[in-house]
Amino acid sequence: MDAQPNGSSDHHFRERFDSLLPSIRRRWPDLAQHTLEATRGSMDEVVRLIEQNTGLTPQGVREQLEELMHSAGESGRHLADSLDPLEQQLEQLLDELNSTLRPRIERPVRQRPLLAVGVALGVGVLIGSLLSGGRRS
């Protein structure tokens, strides 16, 4: 066998094989799912399988698989980039909630600590009885 110049690509392919399966199936719908899964993510085996079923050259199949990996990676990066503003917005909302709600909760607890402990105990007993009642049924 030839030494693989892109062994790291093969390793990445194996790691991401399960997530790439739907894209591979869309590109080559005639390939059976179980036949692809039987390759266990080996790029050489997948290339050989696609080559046998399509008549493409091994190099052409490998290039298409690497293109699929690249496009999947790009879409993952775009998703992560689009989540960053949402994460920042959520952090800001949590900070605002913490700064406005905490004083409203702390003030009554400091003024009436026994009442706060009693309410917490009552809620705990109520939740505990609901949970233990569900187990007996």
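What you see is a predicted model, and the numbers here were worked out from it, not measured in a lab. Each chain has its residues counted from 1, following the order in which its sequence is written. Only residues with pLDDT of at least 70 get local features here, since the model is predicted, and only at 80 or more are side-chain atom pairs given and counted; chain-wide, interface and lining totals rely on the full set of residues. Processing note: side-chain calculations cover all non-hydrogen atoms of the structure and skip hydrogens and water entirely.

Chemist: Talk me through the overall build of the chain; I want residue IDs and the actual numbers.
Modeler: By definition, any uninterrupted DSSP run of H or I lasting at least four residues is a helix, any uninterrupted run of E lasting at least two residues is a strand, and each is numbered from the N terminus. Counting its regular elements, the chain contains 5 helices and 0 strands. Listed N to C, the secondary structure of the chain is α-α-α-α-α in terms of helices and strands. For the chain, the residues scored as buried account for 20% of the 137 residues in total. A fraction of 50% describes how many contacts in the chain between residues 6 or more apart in sequence connect residues 24 or more apart. Any residue under 20% of the maximum accessible area for its type is buried, any over 50% is exposed, and the rest in between are partly exposed; the area is computed with a 1.4 Å probe on protein chains only. We call two residues in contact whenever any of their non-hydrogen atoms come within 4.5 Å of each other.

Chemist: How would you sum up a nonpolar patch on the surface? Please name residues and give values.
Modeler: Residues L90, L94, L97, L101, I105 and V109 make up a contiguous nonpolar surface patch of roughly 520 Å² in combined accessible area. Its location among the elements puts L90 in helix α4 (residues 58–111). Residues qualify for a patch when their relative accessible area is over 30% and they have no salt bridge, like charges being joined within 9 Å and the nonpolar side chains of Val, Leu, Ile, Met, Phe, Trp and Tyr within 5 Å. Here the open area of atoms and residues is found with the Shrake-Rupley method and a 1.4 Å probe, where only the protein chains shown may cover a residue. A pair is scored as a salt bridge if a Lys or Arg side-chain nitrogen falls within 4 Å of a carboxyl oxygen belonging to Asp or Glu.

Chemist: Any chance you could break down the pattern of salt bridges for me, citing the residues and the numbers?
Modeler: Opposite charge on two side chains permits pairing when their charged atoms draw close. According to the stated counting rule, one finds 2 salt bridges in the structure shown. E106 is paired through a salt bridge with R102; the nearest N and O atoms lie 3.9 Å apart. Linking E106 with R102, this pair stays in helix α4, spanning 4 residues, or about one helical turn. E106 sits in the partly exposed class, given a relative accessible area of 32%. By relative accessible area, which is 47% here, R102 ends up partly exposed. For R110, the salt bridge goes to E106, with nearest N and O atoms at 4.0 Å. Residue R110 and its partner E106 are located together in helix α4, separated by 4 residues, close to a single helical turn. R110 sits in the exposed class, given a relative accessible area of 66%. One connected set of salt bridges, linked through shared partners, spans R102, E106 and R110.

Chemist: Would you mind going over the environment of E51 in detail, with residue names and values included?
Modeler: With respect to the helices, strands and loops of the structure, E51 is situated in helix α3 (residues 43–54). Taking the relative accessible area as the measure of exposure, E51 reaches 29% and is therefore partly exposed. What E51 contacts, discounting residues up to four positions off in sequence, is L56, P58 and V61.

Chemist: Can you lay out the confidence of the model for the chain for me, pointing to particular residues and giving the numbers?
Modeler: Detailed reading of the predicted coordinates is not advisable wherever pLDDT is low. pLDDT is defined as a per-residue confidence score from the predictor, taking values between 0 and 100. Per-residue confidence for the chain gives a mean pLDDT of 77; residues scoring 70 or more make up 83%. By mean pLDDT, helix α1 (residues 7–27) is the weakest element of the chain at 72, and helix α5 (residues 113–136) is the strongest at 88.

Chemist: Residue-level account of α3, with values.
Modeler: Taking 1.5 Å per residue as the helical rise, α3 with its 12 residues ought to reach 16 Å, and the 16 Å between its terminal C-alpha atoms agrees with that figure. Those residues of α3 that sit buried are M43, V46, V47, L49 and I50. Buried residues along α3 cover an arc of 165 degrees about the axis, so they all sit on one side. Just past α3, the residue G55 takes up positive phi, approximately 85 degrees. An expected span of 1.5 Å times one less than the residue number is assigned to each helix. The reported arc concerns the directions from the helix axis to the C-beta atoms and nothing else.

Chemist: Mind laying out a negative patch on the surface, listing which residues take part and the relevant values?
Modeler: There is a patch of like negative charges on the surface, built from D81, D84, E87, E91, D95 and E96. Mapped onto the elements of the fold, E96 is located in helix α4. For E96, a relative accessible area of 41% gives the class partly exposed. Counted as positive: Lys and Arg. Counted as negative: Asp and Glu. His and the chain ends are not counted at all. Each charge is placed at NZ for Lys, CZ for Arg, CG for Asp and CD for Glu.

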